[in-house]
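# Overview (structure and organization)
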Amino acid sequence: MEFSLHELIWAIINFLVFLGLMSFLFYKPVLKMLDDRKNAIEGGLARAEAAQREADDLRRQYQAQIGQARTEAQDIVATANRAAQSAKEQITNEAREEAERLIQRAQESIRVEKEQAIAALRQEVASLAVMAAGKVLEKTLTMEEHGELARRFVQEAGEVQ
Amino acid sequence: MNPLLWAMAEEGAKEATHGPGPLAVIPIHIPGLLPEGLEITSRVTTMWGVMAVLLILGWLAGRNVKRLPSGVQNVMEMLIEAVQGIIGQVMDQERTRQFTPLLTSIFVFILASNYSGLLPGFGHLPGLAAPTSGWGVTAGLAIIIFFSVQIYGLKKNGIKVYKHMVEPWFLSPLMLPLGLLEEFTRPFTLSIRLYANIFGGEMVVVAMLSAIPYFLPVLPLALEVIFGAIQAFIFTLLSAVYIAAATEDHGLHAEHHAEGPHGLGTTEADALSH
């Protein structure tokens, strides 16, 4: 059995010296730094989490606002559409009425002119007929008889019509 | 068989059984204990060498401590964290921090000492011998742990730390001697476990050398790497367990007999529940 009291004593001395020196050179600074680092990391993590939560809240807020704005915009557009629609209808209706009125007036004047034309034509035809008849009868009529025959002719022609 | 290697092996065996002569002697004469003064043996000088290397590494890591570690500081930090992982299993956070320096020093000292025996030249060259390959050195370390346990235990819990020896009062005559025996058995087993493992490893390599010199010794050498680390780990862990048991808060002080990995019973259960 390899037992040496000398080595035992030296081992104790050496180890205690070793422990002391290591504490001074290494443990004190490194363990302190590990603690600092742990605290810094925890602090950093806590701050990051808080910032994250804040960011989420803000994002929700903004999205709500955007949603609201969008709804309002849609409402405005819808209202504008409706207004435009009704304006369009109104204008088309007025235009249609105007057009109808014009058409009617035109038709009216056409009718009047047509009647006038027919009346004039009738006169002409009557005159011609009487002249022709005079020629046939070899008789000349006086102006009055001429006129009387023409009037009678027109009347009968009008009744037939 | 190569006569040179045979001679070396024989010399190694002789040294192992009779001990090498001292390299130097410090003339401190204590009659009875140190009749011829305090010797400085190969193991002592190797111990100094190991200490020097470790202290240099520690110093390099400790100056300009940075938040973001690199190089030596990083490696040493990993070391501390490894040890804290080991002892954190039996102690709560506060005590882990308190005992980290002591237990890390024990771990790294034993680890480096064990590995020093694997370097070429160690064991048969004068001045080079693995410290932990002698019972004296391991006993010295075990004594340090023993006194640490007693001192910290008394500091924390006072005399109550020995309560378990007189717990069932009517069994005291039986429990007290057993308790005392246990208390003193611990440093003994601690020291002899480490010594036997490291010394035995060395002897196996020597035996291999004397049998088939060229490649066979590589096998036990490789195994010694693993065993060296295991022994350092076990020594540290058990030291942590003993210290934890002694510094336990009094109400949970229910540490019991066996020290093997299975019989930790209540202590370990208490410690793990933290």
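Residues numbered from 1 in each chain as written. Chains lettered and ligands numbered in written order. Predicted model: local features only at pLDDT ≥ 70, side-chain atom pairs only at ≥ 80, totals over all residues. Heavy atoms only, no water.

When helices and strands are tallied, chain A shows 2 helices and 0 strands. Of all 161 residues assigned to chain A, the portion counted as buried reaches 15%. Carbon and sulfur atoms make up 59% of the accessible area of chain A, which totals about 12,600 Å². (Helix = DSSP H or I, 4+ residues; strand = E, 2+ residues; numbered from the N terminus. Buried < 20%, exposed > 50% of the residue type's maximum accessible area, 1.4 Å probe, protein only. Areas by Shrake-Rupley, 256 points an atom, 1.4 Å probe, with all protein chains shown as cover.)

Regarding its fold elements, chain B presents 8 helices and 2 strands. Beginning at the N terminus, the succession of helices and strands in chain B can be written as α-β-β-α-α-α-α-α-α-α. Put simply, chain B has 274 residues, and 44% of those count as buried. Expressed as a percentage of contacts within chain B between residues at least 6 apart in sequence, the contacts between residues at least 24 apart total 64%. For chain B, the accessible area works out to roughly 13,700 Å², and carbon and sulfur atoms hold 72% of it. (Contact = heavy atoms within 4.5 Å.)

This part covers the packing of aromatic side chains. Throughout the structure, instances matching the rule amount to 11 aromatic pairs over all chains. With centroids separated by 5.6 Å and ring planes inclined at 85 degrees, the aromatic side chains of F15 of chain A and F109 of chain B adopt a geometry described as edge-to-face. In this pair, F15 of chain A sits in helix α1 (residues 5-137) while F109 of chain B sits in helix α4 (residues 93-116), so the two residues belong to two different chains. Each of the two residues, F15 of chain A as well as F109 of chain B, counts as buried. Taking the centre distance of 4.8 Å and the plane angle of 90 degrees together, the rings of F99 of chain B and Y152 of chain B count as edge-to-face. Taken together, the residues F99 of chain B in helix α4 and Y152 of chain B in helix α5 (residues 135-157) connect sequence positions 53 residues apart. Cluster of aromatic residues (ring-pair linked, three or more members): F3 of chain A together with W135 and F188 of chain B. (Phe/Tyr/Trp six-rings, centres within 6.5 Å; stacked < 30°, edge-to-face > 60°.)

Attention shifts here to the environment of I9 of chain A. Mapped onto the secondary structure, I9 of chain A falls in helix α1. I9 of chain A has contacts with L34 and L38 of chain B, leaving out every residue within four places of it along the chain.

A few words on the side chain of S172 of chain B. Residues and elements named next belong to chain B. Turning to its location among the elements, S172 is positioned in helix α6 (residues 172-211). Residue classification places S172 among the buried residues on the basis of a relative accessible area of 18%. Not counting chain neighbours up to four residues away, the residues in contact with S172 comprise V166 and P177.

To continue, consider the pattern of salt bridges. All names here are of chain B. One pass over the structure, following the stated rule, counts 14 salt bridges over all chains. Of the charged contacts in the structure, one is a salt bridge between R95 and D92, with a shortest N-O distance of 3.5 Å. You can call D92 partly exposed: its relative accessible area is 24%. In this structure, a network of salt bridges that share partners links the residues D92, R95 and E248. (Salt bridge = Lys/Arg side-chain N within 4 Å of Asp/Glu carboxyl O.)

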